[in-house]
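# Coordinate inspection notes
Spelled out from the first residue to the last, the chains are:
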Amino acid sequence: MKRLLPAPLLSVALFVLWLLLNRSLEIAQLLLALLLALAIPLLLAGLRPMPVRIRRPGAVLRLMLAVMLDTTRSNFAVARLLLRPGARRHPAGFVHIPLALRDPNGLAVLAMIVCLTPGTAWAELALDRSILLLHVMELDDAEAIAADIKHRYERPLMEIFEETVE
């Protein structure tokens, strides 16, 4: 069954979405929706990430709270820069952050976190996944920012996705 439906929820969502977008329950649309719901997950199965196994659910809550706090704080800082461009204290710059996190799902979550936080953007990840290049809108102390990212985000992500935490 898993070979025919590698992602059952995705198949159901595709089926329903196709019917909603076409606003029709004609037999041709039902058959096309079924075909798409079966074919798309099969064709894209190779692109799906590794299965997720959350090792410490409590760390998820702590990480979510940290991200919400940091995003709110960063929103105010970026708004200040946009409303008063002359108030910029430091130029923009890049920070190299050495990473111990290797889990692809953890790295994907880290990418989402830094991209969702105003004032930062994921610029590049080394091929061996050992260094993250992060663009920061207002860079005053690169080492402090790297340490903050490692402590506030990387460490909890390692607790969530990896067996051992360094």
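Please refer to the structure higher up on the page.
Residues numbered from 1 in each chain as written. Predicted model: local features only at pLDDT ≥ 70, side-chain atom pairs only at ≥ 80, totals over all residues. Heavy atoms only, no water.

### Quick notes on the sheet that holds strand β3 (residues 131-136)
To be explicit about the condition: A strand pair is defined by DSSP finding two or more bridges across the two strands. Strands here are runs of E lasting at least two residues and helices are runs of H or I lasting at least four, both read from the DSSP assignment and numbered beginning at the N terminus. Between the N-to-C directions of two axes lies an angle of 0 to 180 degrees, each axis being a line fitted to C-alpha atoms and, for a helix, fitted only over the stretch in contact. Only heavy atoms matter for contacts: two residues are in contact if any of them lie within 4.5 Å across the pair.
Taken in spatial order, the three strands of this open sheet run β1-β3-β2, and their pairing is antiparallel. The open sheet has two edge strands, β1 (93-98) and β2 (120-125), and neither has a second partner. Averaged over all pairs of adjacent strands, the angle between their axes in this sheet comes to 30 degrees, without regard to strand direction. Both β2 and β3 contribute to a ladder of five bridges, which runs antiparallel. Looking across to β3, one finds that Thr120 is bridged to Val136. Where helix α4 (residues 104-116) meets the sheet, it contacts β2 and β3, and its direction lies at approximately 145 degrees from that of β2. Helix α5 (residues 142-161) contacts β1 and β3 of the sheet and is inclined by roughly 50 degrees relative to β1.

### Regarding the pattern of salt bridges
Threshold: The working definition used for a salt bridge is a side-chain nitrogen of Lys or Arg within 4 Å of a carboxyl oxygen of Asp or Glu. Exposed residues in this analysis have more than 50% of their type's maximum accessible area, buried residues have under 20%, and partly exposed residues fall in between, with area computed by a 1.4 Å probe over protein chains only.
Under the criterion given, the structure shown has five salt bridges. For the salt bridge of Asp70 with Arg152, the shortest nitrogen-to-oxygen distance reads 2.8 Å. In this pair, Asp70 is assigned in helix α3 (residues 57-83) and Arg152 in helix α5, connecting sequence segments 82 residues apart. Residue classification places Asp70 among the buried residues on the basis of a relative accessible area of 8%. Using a relative accessible area of 21% as the deciding quantity, one classes Arg152 as partly exposed. Between Glu154 and Lys150 there is a salt bridge, and its shortest N-O distance comes to 2.5 Å. Taken together, the residues span about one helical turn, with Glu154 and Lys150 both in helix α5 at a distance of four residues. Using a relative accessible area of 3% as the deciding quantity, one classes Glu154 as buried. Judged by its relative accessible area of 27%, Lys150 falls in the partly exposed class.

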